[in-house]
Amino acid sequence: MPRALITGGSGFLGSHLSDRLLAEGWEVVAVDNFITGSPDNVAHLGNEPRFRLIEKDVIEGVEYPDSLDYIFHLASPASPLDFFNKPLEVIHVNSIGTENALKLAKEKKAVFFYASTSETYGDPLVHPQTEEYLGNVNSIGIRGVYDESKRFGETITATYRREFQVDTKIVRIFNTYGPRMRLDDGRVVPNLVAQAINGEPLTVYGDGQQTRSFCYCTDLIDGFFRLATSTQSGPINIGNPTERTILEFAKEIKALTQSQSDIVFQPLLTADDPKQRRPDITKARTLLGWEPKVSLQDGLRATIEYFAKRLEDGKR
Ligand code: NAD
Ligand code: UDP
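An account of the accompanying structure is given in this report. All figures in this text were calculated on a predicted structure; none of them were measured in a lab. (Residues numbered from 1 in each chain as written. Chains lettered and ligands numbered in written order. Predicted model: local features only at pLDDT ≥ 70, side-chain atom pairs only at ≥ 80, totals over all residues. Heavy atoms only, no water.)

## Focus on the site of ligand 2
Link 1 in the chain: With respect to spatial proximity, 17 residues lie near ligand 2, and among them Thr203, Tyr205, Arg212, Asp273 and Arg277 are the closest.
Link 2 in the chain: Arginine 143 is positioned such that a nitrogen or oxygen atom in its side chain is 2.9 Å from an oxygen atom of ligand 2.
Link 3 in the chain: A distance of 2.9 Å is found between an oxygen atom of ligand 2 and a side-chain nitrogen or oxygen belonging to asparagine 191.
Link 4 in the chain: In the complex, the protein chains occlude 95% of the 520 Å² of accessible area that ligand 2 would expose alone.
Link 5 in the chain: Contributions of two or more residues to the shell around ligand 2 are made by α5 (188-198) and β8 (202-205).
Link 6 in the chain: Looking at which element gives the most residues to the shell around ligand 2, the answer is β8, with three residues.
Link 7 in the chain: Here the residues of the shell around ligand 2 sort into six nonpolar, five polar and six charged. (Near = heavy atom within 4 Å. Polar contact = N/O pair within 3.5 Å; in protein donor to acceptor, adjacent residues only side chain to side chain. Areas by Shrake-Rupley, 256 points an atom, 1.4 Å probe, with all protein chains shown as cover. Helix = DSSP H or I, 4+ residues; strand = E, 2+ residues; numbered from the N terminus. Nonpolar A, V, L, I, M, F, W, Y, C, P; charged D, E, K, R; others polar.)

The following block contains the structure:
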């Protein structure tokens, strides 16, 4: 059975990817420095002999003594709040960290899988976003630390493919949510759900007319698995194309939590907050046979249940 190393393996998505690979019978080595993730996310794997968690900052290097078949490079803070608070950590993990993970893939002759993002399209002028769209990114804006370093991560991944024939895969992930997101990570799902459960006002930034398309975590991970085990190299969009305004989304959360909270409008966190975002998933559908299955209502119900329990237990 294959052995995979996942950088960022105890983050939100890394932990779900670990679950999926273990369920497929694989061995998993998770590497994480816990800057935005937590060992809590993989605590349920504590007795699993095919799982190992190693504390390590991939900016300093990443090594492993035995053979590896796959390297999934997921390590990177992912919330706009982190782009403010940890800008250099974001830049370095997607540049130096990506090259460190690529070097290991080259050494081990492993498949290299890079977790890129819809943010490579910036504030998109083409809608929905196809993989051919080259993007509209403000290189010196606050979000630029993430957008440009992810773009660089794609560039160096493509370069290792051309120069060293590393078998690479690039996925562009669109907004994904679910259990094990950090309650205080500042992204819209944990913010609004926690506010609704706590009876606090739901904060909608700007006029709430900006759109996003939300994908449930297990759907996304199924797309990861299909891409990783396919002959495709991408970049390929994985996300749920059902688009909503953020105001509609806030109302949906309010209804599902049966919250009496008001919805309040607050200034946008960053001036370059994308006004619209929806993946064109034609490639994922035709090349990988993938499409999302979990409805927003079902996904949100599972997420609300998870956050309610965390809040009850006094955890973040
Ligand atoms: P997350 O913050 O939960 O996970 C990232 C993990 O990487 C964390 O466990 C963190 O501690 C770890 N990490 C960060 N820097 C590290 C370093 N230098 N060394 C070792 N570990 C490090 O976020 P997530 O939502 O699970 O995102 C995972 C990946 O997917 C990221 O690369 C992110 O950019 C990408 N992504 C996520 C989304 C989404 O909607 N969730 C959208 C687009 C892209
Ligand atoms: N947002 C909001 N209220 C919040 C947090 C976020 O209205 O409490 C908005 C944010 O301005 C953005 C959208 O929700 O337009 C999605 O934000 P998130 O940080 O989750 O991800 P992004 O897609 O911006 O990276």
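Now that the structure has been shown, we can carry on.
## Notes on the sheet that holds strand β4 (residues 70-73)
Link 1 in the chain: One open sheet accounts for seven strands, arranged β3-β2-β1-β4-β5-β6-β11; its pairing is parallel. The outermost strands of the open sheet, each flanked by one partner alone, are β3 (51-55) and β11 (236-238). Across the sheet, the mean angle from the axis of one strand to that of its neighbour is 20°, orientation sign disregarded.
Link 2 in the chain: Relative to strand β5 (residues 111-117), β4 is paired through four bridges, and the arrangement is parallel. Directly across from tyrosine 70, in β5, lies its bridge partner valine 111.
Link 3 in the chain: In the packing of helix α3 (residues 87-108) onto the sheet, the strands contacted are β1 (3-7), β4, β5 and β6 (168-173), and the crossing angle to β4 comes to about 175°.
Link 4 in the chain: Lying on the sheet, helix α6 (residues 217-228) is in contact with β4, β5, β6 and β11; it crosses β6 at an angle near 160°. (Pairing = 2+ DSSP bridges. Axes fitted to C-alpha atoms, helices over the stretch in contact; angles between N-to-C directions. Contact = heavy atoms within 4.5 Å.)

## Brief notes about the nonpolar core
Link 1 in the chain: Among the nonpolar cores identified, the biggest contains 57 residues, and Leu21, Phe72 and Phe224 are the most heavily contacted of them.
Link 2 in the chain: Of the residues forming this core, the biggest block, seven residues, is contributed by α6.
Link 3 in the chain: Counting 21 residues, the second-largest nonpolar core is a separate cluster that includes Val58, Ala75, Val93 and Ala101. (Core = buried A, V, L, I, M, F, W, Y, C linked by side-chain atoms within 4.5 Å. Buried < 20%, exposed > 50% of the residue type's maximum accessible area, 1.4 Å probe, protein only.)

## Brief notes about the packing of aromatic side chains
Link 1 in the chain: As enumerated under the stated definition, the model contains 13 aromatic pairs in all.
Link 2 in the chain: The interplanar angle of 20° and the centroid separation of 6.0 Å between the aromatic rings of tyrosine 121 and tyrosine 133 together place this pair among those described as stacked. Residue tyrosine 121 is located in the loop between β5 and α4 (144-164), and its partner tyrosine 133 is located in the loop between β5 and α4; the two are separated by 12 residues in the primary sequence.
Link 3 in the chain: On the basis of relative accessibility, which here comes to 1%, the residue tyrosine 121 falls in the buried class.
Link 4 in the chain: Among the residues examined, tyrosine 133 registers a relative accessible area of 14% and is labelled buried.
Link 5 in the chain: Summarising the aromatic geometry, the rings of tyrosine 121 and phenylalanine 174 are spaced 6.1 Å apart at their centres and angled 40° between planes, so their arrangement reads as tilted. (Phe/Tyr/Trp six-rings, centres within 6.5 Å; stacked < 30°, edge-to-face > 60°.)

These figures capture arrangement, not role.
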